[in-house]
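# Analysis of the macromolecular model
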Amino acid sequence: MLMASDFCRLANFPRPQPTTNHRGAWRGSCSPRPFPSDGRPSEPWAFRCLRIARPSAVSRGRSVSCRAAEITTDPGQDRLMKVPISNIRNFCIIAHIDHGKSTLADKLLQLTGTVQKREMKEQFLDNMDLERERGITIKLQAARMRYILENEPYCLNLIDTPGHVDFSYEVSRSLAACEGALLVVDASQGVEAQTLANVYLALENNLEIIPVRVLNKIDLPGAEPDRVSQEIEEIIGLDCSDAIHCSAKEGIGISDILNAIITRIPPPKDAAGNPLRALIFDSYYDPYRGVIVYFRVVDGTIKKGDKIYFMASGKDYIADEIGVLSPNQLPVDELYAGEVGYLSASIRSVADARVGDTITHFGRRAESSLPGYEEARPMVFCGLFPVDADQFPELRDALEKLQLNDAALKERLEREYNLTLITTAPSVVYRVNCINGDTIDCSNPTLLPEPGKRRQIEEPFVKIEMLTPKEYIGSLMELGQERRGEFKEMNFITENRASIIYELPLAEMVGDFFDQLKSRSKGYASMEYTFVGYRESELVKLDIHINGEPVEPLATIVHKDKAYAVGRALTQKLKELIPRQMFKVPIQACIGAKVIASESLSAIRKDVLSKCYGGDITRKKKLLKKQAEGKKRLKAIGKVEVPQEAFMAVLRLEKEVI
């Protein structure tokens, strides 16, 4: 019988020594499990300790190998073993929201042994509370898996991409770090908007696409795999004759997917001898280590302690730590071409390590950076202010750590940095040409010169290209006209897809234009925009007066044609939200001295006639007159406090109306 002490000796562990504590526990490096007082473990536990190596020891009469002991006692170290570049596969999963992408990733991690069953939980790679609450992937994650096929070890690097439309740039950089992609389509819902958008991104990066029909709702009568296959072939143009039928929830077909990843996705190119070029596909801020960078080595090798250079930002750092993600961070000494890993270099600002930037050696720089880098282009805009003005420094620091790297910005700022924030209507920078020849850039309505001092106001214009299926052309052209757009041209890219180009004011786009685009096209349309310059427009400053006093935070710059609609909506909303006072409160929307919309809050009145049980009418008139004089005097000296809730509601309304 091979005992635990023999196992530890063969595995080069120190021999455990018995102790005489109050439970007679036997402490050693194998396990803290309690043993009898004589220091000899019982037979069942000895077999449990050796359950991986026992068939070899019993059937072939050999002792347990040290390698088996290492795998047993230190899970994850086998995934650090190097494999030839020809045995590396880098892939991602692309899908529409709620099509089972995270569930499939969980099953791949589980089947390859990357995550132990006792550690497994749903949406394992979605490690933010917000992601689990909403059921969506916000921050992409990477995981290194080891898989054996025909006695050959393979290294599989999964890059789990966000599924929501707001993350298209992050998805494009993740796809650029891969050689292949799994296309996941729900068999009950079929091809949807983001499925199409991500497939086009994958094709632009020349990825090998494996169509996978994820039947995660196979128990429902609505699952139609044949119809979905036909949709994929007709809409996307991919051959589905060899598509894999699987159910991520039930674990059906997962082995077939792993085999297809190895056989159908090409390995990376062997470029380890070239100067280092590594693509950054994500980064996050750690309060203790600074910015942690996720990257894919495209050319060359990188070692711990190397001096590295970020080609887009122009910054250089020392690589204090490099490693792989499996999915937890495991440090290594070196990564070569084709591998995916992380980097810690005491980087203080996220702006120094932007997504899409290229890492190279400081001393042996690459001739050119990797293609595709561009500044992240926002699609949804808002103003962001702390409720407590004392929190401005904390807000600034938090934004520097999350800037343009996380689309779930407001909720993460509130959760992770304990800030109370207000989201307001977004503003743009207007250009004011004054009579005296000066030009003023005005980002706040309070900075706008008086009408007598300004000659004209210019606003920024953008060129918008909307890509849409042909059935939504009419509704999107209507949207462009409503937003003061100027139609330029329309082209049919394919028989069923068209490109519509408009030029319209940036102020019209930063509101809810993107939301309306998605709503009117049922999510299938997408857009790109470029700045084209400033143009003169008929713009006016709309002021809100409460009890005759201007409320500067509610002032806004609007187009003359929309001034009445915006003023009317704001005054009506304020009437609902401001508490009634002891005197009548007028609420007015004004352009200069002209009132264009008005509402009023009636005064709270005490019934001064309640004690009059008859008598002369002059007595009642005297009491009413005295009350009116008191209210008039109160109105002259009284002030109306606008509650915080009213500001927040009006600013949200302003965002919708504008």
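Described in the following lines is the structure provided in the data block. (Residues numbered from 1 in each chain as written. Predicted model: local features only at pLDDT ≥ 70, side-chain atom pairs only at ≥ 80, totals over all residues. Heavy atoms only, no water.)

### Side note on the environment of Tyr 294
Relative to the assigned elements, Tyr 294 resides in strand E10 (residues 290-299). For Tyr 294 and Ala 278, which are 16 residues apart along the polypeptide, the C-alpha to C-alpha distance reads 9.7 Å. (Helix = DSSP H or I, 4+ residues; strand = E, 2+ residues; numbered from the N terminus.)

### Things to note about helix H5 (residues 101-111)
Inspection of H5 places Lys 101, Ser 102, Leu 104, Ala 105, Asp 106, Leu 108 and Leu 109 among the buried residues, and these make up the whole buried set. Positive phi appears at Gly 113, one or two residues downstream of H5, with a value of about 75 degrees. (Buried < 20%, exposed > 50% of the residue type's maximum accessible area, 1.4 Å probe, protein only.)

### Observations concerning the pairing of E10
For E10, the buried fraction is high: 9 of the 10 residues fall into the buried class. Both strand E9 (residues 277-286) and E10 contribute to a ladder of 9 bridges, which runs antiparallel. Looking across to E10, one finds that Leu 279 is bridged to Arg 296. Taking the residues between adjacent antiparallel strands as the criterion, E9 and E10 are bridged by 3 residues. Examined bridge by bridge, E10 and strand E17 (residues 340-347) share 6 bridges and lie antiparallel to one another. Counterpart to Tyr 294 in the pairing with E17 is Tyr 342. (Pairing = 2+ DSSP bridges.)

### Observations regarding the pairing of strand E3 (residues 88-95)
Within E3, 8 of the 8 residues are buried, which leaves it mostly tucked inside the rest of the structure. Where E3 lies against strand E5 (residues 152-160), 6 bridges are found, and the strand directions are parallel. From the neighbouring strand, Cys 92 faces E5, where its bridge partner is Ile 159. Where E3 lies against strand E6 (residues 180-186), 5 bridges are found, and the strand directions are parallel. If you follow Ala 95 over to E6, its bridge partner there is Val 184.

### A short note on a nonpolar patch on the surface
On the surface, Phe 487, Met 490 and Phe 492 cluster together into a nonpolar patch covering about 280 Å² of accessible area. Tracing the chain through its elements places Phe 492 in strand E24 (residues 486-492). (Patch = residues over 30% accessible without salt bridge, like charges linked within 9 Å, V, L, I, M, F, W, Y side chains within 5 Å. Areas by Shrake-Rupley, 256 points an atom, 1.4 Å probe, with all protein chains shown as cover. Salt bridge = Lys/Arg side-chain N within 4 Å of Asp/Glu carboxyl O.)

### Let's talk about the pattern of salt bridges
Evaluation of the coordinates by the stated rule reveals 19 salt bridges. The closest approach of N and O atoms between Glu 503 and Lys 488, which form a salt bridge, is 3.9 Å. Here Glu 503, found in strand E25 (residues 497-505), pairs with Lys 488, found in strand E24; they are 15 residues apart in sequence, far enough to count as distant. Judged by relative accessible area, which is 40%, Lys 488 ranks as partly exposed. Between Asp 543 and Lys 541 there is a salt bridge whose closest N-O contact spans 3.7 Å. Note on accessibility: Asp 543 and Lys 541 belong to one class, buried. Within the structure, one salt-bridge network assembled from shared partners comprises Glu 459, Arg 484, Glu 508 and Lys 562.

### A word on unusual backbone geometry
The phi angle at Ser 346 is positive, at roughly 55 degrees, despite the residue not being glycine. The residue Ser 346 is located in strand E17 in this model. Phi angles above zero are rare outside glycine, and Asn 547 is one such case at about 55 degrees. Here Asn 547 shows up in the loop between strand E27 (539-546) and strand E28 (549-550). Of the residues examined, Asn 547 reaches a relative accessible area of 14% and is grouped as buried.

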